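Each chain, written out:
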Amino acid sequence: MQQERPETRADWEQLSVGLLEKRPPNLSCAAAFLCLELLVLAEVMKMKGDERSFSLMFRGCSFLQVYEAGVVKALQDLSPEILKSASKIYGISSGSIVAAFAACECDIDEMQQYLYRAQKLFLSTLLTARGKVLRVVKDALNKFLPANAHQLASGKLHIVLTRLHDWNCVTVSEFASKEDIIQAVLCSCFIPLCFGFIPPLYHGVRYIDGEFSMWKTNFVSQTTITVSALAGEYDICPRDCPVPFFTFQIVDWILQISEQNLYRIQCLFQCPSAKVCEQLYHDGYQDAVSFLHRLSKWVGTRSRCIWYKIPS
């Protein structure tokens, strides 16, 4: 049954209170008010029947995926509606790990701590990792994804792969089992030579890292929220250099030139220290909060127009 649109200001105030009560129990009212206008606008658009779908995209960033984990944690804490309402959550390369956990609403903290502890046990650089990284990833996915992960993720989680025989971009979004998701993630993360010579199979076809074919397609639209651990032209990313022309392009990556970003690129190939990982996680969280602030200002303009039209 479709909910009726509030007619009076009192009705709208009651709606706002109801939305505020949707916040997680451990979230303060002050933090919840940050996203209240977002929720109000989303609710209004639902009732008007013209809600626009939007998507999230997590780019590949190797060992820097701890940054993207911090982003997901912030969204889970401050604006869970963004994760729940997203029509598609794209995961590319290592970003598919974070995307899978986000789509299945898993505890991102436990996953991240497990991955980091396991990685530090037996590897230091990407070039010497061989198949060890994929074993760690597979164990983490098996451990933390729920048994019905395929039901939660089908139609929402979109894992980007590169088909080996023609290097075309393939997106997988329907999963028959939890193992289906795990195998798709492993294929999307597989970097030839670094992780071995024979790529893994997904439904009888060999695939490699999804980033290799991203230049052939474009999933980004005006309603896509892009996330990357490298500073560049993304919605949620580190903000190092305010001057837009200090950038360079690698295939479809447009990155900022800064000392911090050069260090991040180095960390793509070498697992950073525990202190650096902790800082990356914190940076991801804070950059997501900054994004929500920017988004709430835009929504505030929209919602003020709505409030102006509401009869008192």
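The written sequence of each chain sets the order in which its residues are numbered from 1. Restriction of local features to residues with pLDDT of at least 70 applies here, the model being predicted, together with a cutoff of 80 or more for giving and counting side-chain atom pairs; totals for whole chains, interfaces and linings are based on all residues. Only hydrogens and water are set aside when side-chain values are computed; all heavy atoms of the structure are taken into account.

## Re the pairing of strand β6 (residues 205-208)
Walk down a regular strand and you will see the side chains alternate between the two sheet faces.
Part 1 of the reasoning: The pairing criterion for strands is at least two bridges between them, as found by DSSP. Helix numbering and strand numbering both begin at the N terminus, where a helix is a DSSP run of H or I of at least 4 residues and a strand a DSSP run of E of at least 2. Across 2 bridges, the pairing between strand β3 (residues 157-163) and β6 is antiparallel. Following the sheet pairing, T162 is matched in β6 by I208.
Part 2 of the reasoning: Here 2 bridges tie strand β5 (residues 201-202) to β6, and the two strands are oriented antiparallel to one another. Directly across from Y202, in β6, lies its bridge partner V205.
Part 3 of the reasoning: Turn length for the β5-β6 hairpin, with the two strands adjacent in sequence and antiparallel, is 2 residues, and the turn residue H203 shows positive phi of about 55 degrees.

## Structural notes on the packing of helix α3 (residues 65-78) against helix α5 (residues 95-103)
Part 1 of the reasoning: For every element, the axis is a line fit to its C-alpha atoms; helices are fit only across the contacting stretch, and the angle between N-to-C directions ranges from 0 to 180 degrees. It is the contact of α3 with α5, at a shortest axis distance of 9 Å, that shows an interaxial angle of 20 degrees. By the angle between their axes, α3 is roughly parallel relative to α5. Of the two elements, α3 crosses α5, and the hand of that crossing is right-handed. Facing Q65, E68, A69 and V72 of α3, the residues of α5 in contact are G95, V98 and A102.
Part 2 of the reasoning: Of the residues contributing to the contact of α3 with α5, the split by class is 4 nonpolar, 2 polar and 1 charged. Oblique is the label for every angle not falling under 35 degrees (roughly parallel), over 145 degrees (roughly antiparallel), or within 65 to 115 degrees (roughly perpendicular). A crossing counts as left-handed when the near helix is turned anticlockwise from the far one by less than a right angle, and as right-handed when that turn is clockwise. Throughout, a residue-residue contact means that at least one pair of heavy atoms, one from each residue, lies within 4.5 Å. Residues are grouped as follows: Ala, Val, Leu, Ile, Met, Phe, Trp, Tyr, Cys and Pro are nonpolar; Asp, Glu, Lys and Arg are charged; all remaining types, including Gly, are polar.

## Description of the side chain of D180
Part 1 of the reasoning: Structurally, D180 can be placed in helix α9 (residues 178-189).
Part 2 of the reasoning: Throughout, exposure labels follow a simple rule: accessible area from a 1.4 Å probe, protein chains only, divided by the maximum for the residue type, with under 20% read as buried, over 50% as exposed, and the rest as partly exposed. Charged residues are defined narrowly, with Lys and Arg counted positive, Asp and Glu counted negative, and His plus the chain ends left uncounted. In what follows, salt bridge is the name for a side-chain nitrogen of Lys or Arg lying within 4 Å of a carboxyl oxygen of Asp or Glu. One buried charged residue, D180, forms no salt bridge at all, with the nearest opposite charge on K138 at 12 Å.
Part 3 of the reasoning: Here a polar contact is recorded for every N or O atom pair within 3.5 Å, except that within protein the pair must consist of a potential hydrogen donor and a potential acceptor, and residues adjacent in sequence are included only if both atoms are side-chain atoms. At 3.0 Å, the side chain of D180 forms a polar contact with the backbone nitrogen of A176.
Part 4 of the reasoning: When near neighbours in sequence (up to four residues on either side) are disregarded, D180 contacts E174, F175, Y202 and H203.

## Observations concerning the pattern of salt bridges
Part 1 of the reasoning: Going through the model one piece at a time under the given rule, you end up with 5 salt bridges.
Part 2 of the reasoning: Here R59 and E211 are joined by a salt bridge, their closest N and O atoms 2.6 Å apart. A residue pair is termed long-range when its members are at least 10 positions apart, and R59 in the loop between β1 (55-58) and α3 and E211 in the loop between β6 and β7 (224-227) qualify at 152 residues.
Part 3 of the reasoning: Under the relative-accessibility criterion, R59 is labelled buried at 4%.
Part 4 of the reasoning: Two residues, K73 and D109, come together in a salt bridge whose shortest N-O distance is 3.4 Å. Residue K73 is found in helix α3, and its partner D109 is found in helix α6 (residues 108-122); the two are separated by 36 residues along the sequence.
Part 5 of the reasoning: Its relative accessible area of 18% is what places K73 among the buried residues.
Part 6 of the reasoning: You can call D109 partly exposed: its relative accessible area is 23%.

## Quick word on the packing of aromatic side chains
Part 1 of the reasoning: Side-chain rings of Phe, Tyr and Trp, where Trp is taken by its six-membered ring, are said to pair if the distance between their centres is within 6.5 Å; with planes under 30 degrees apart they count as stacked, over 60 as edge-to-face, and otherwise as tilted. Within this structure, the stated rule accounts for 4 aromatic pairs.
Part 2 of the reasoning: Judged by centre distance (6.4 Å) and plane angle (65 degrees), the ring pair of Y202 and Y207 falls under edge-to-face. The two residues Y202 and Y207 agree in class, both being buried.
Part 3 of the reasoning: Positioned above the aromatic ring of F144 is the side chain of K143, whose terminal nitrogen or guanidinium carbon lies 5.7 Å from the ring centre. Only Lys NZ and Arg CZ are tested; either one counts as a charge over a ring when it is within 6 Å of the ring centre and within 35 degrees of the ring normal.

## Comments concerning unusual backbone geometry
Part 1 of the reasoning: Of note, the phi angle at S93 is positive, near 55 degrees, even though the residue is not glycine.
Part 2 of the reasoning: Mapping S93 onto the fold places it in the loop between β2 (88-92) and α5.
Part 3 of the reasoning: Located in the positive-phi region is E105, a residue other than glycine, with phi close to 55 degrees.
Part 4 of the reasoning: Examined against the element boundaries, E105 turns out to sit in the loop between α5 and α6.
Part 5 of the reasoning: Among the residues examined, E105 registers a relative accessible area of 56% and is labelled exposed.

## Section: the nonpolar core
Part 1 of the reasoning: Core analysis: the biggest nonpolar cluster contains 76 residues, and F101, L145, L157, F175, I181 and V185 have the highest contact counts within it.
Part 2 of the reasoning: Here L145 is in contact with A100, F101, C104, C106, A140, K178, I181 and I182, once residues within four sequence places are set aside. Among the buried residues, those of types Ala, Val, Leu, Ile, Met, Phe, Trp, Tyr and Cys that are joined through side-chain atoms within 4.5 Å form a nonpolar core.

## Some points on the UniProt feature "active site" (unreviewed entry) in the chain
Part 1 of the reasoning: UniProt positions are given in the numbering used here, feature names are shortened, and annotations may be inferred rather than shown by experiment. Using the residue numbers shown here, the UniProt feature "active site" (unreviewed entry) corresponds to S93 and D209. Annotated residues spanning 117 residues; largest pairwise C-alpha distance 5.4 Å, indicating a single compact cluster. Put simply, the named residues that line the second largest pocket are S93 and D209.
Part 2 of the reasoning: Judged by its relative accessible area of 8%, S93 falls in the buried class.
Part 3 of the reasoning: Setting aside anything within four residues of it in sequence, one finds S93 in contact with G60, S188, C189, D209, G210 and E211.
Part 4 of the reasoning: Inspection of the secondary structure puts D209 in the loop between β6 and β7.
Part 5 of the reasoning: You can call D209 buried: its relative accessible area is 4%.
Part 6 of the reasoning: In contact with D209, other than residues within four places in its own chain, are S93, T162, C187, S188, C189, F190 and I191. Site definitions follow a grid-based scheme: protein atoms alone, a 1 Å grid, a 1.4 Å probe that fits but cannot get out for cavities, and for pockets an open set with protein on both sides within 12 Å along at least five of seven lines, plus lining residues having an atom within 4 Å of a point.

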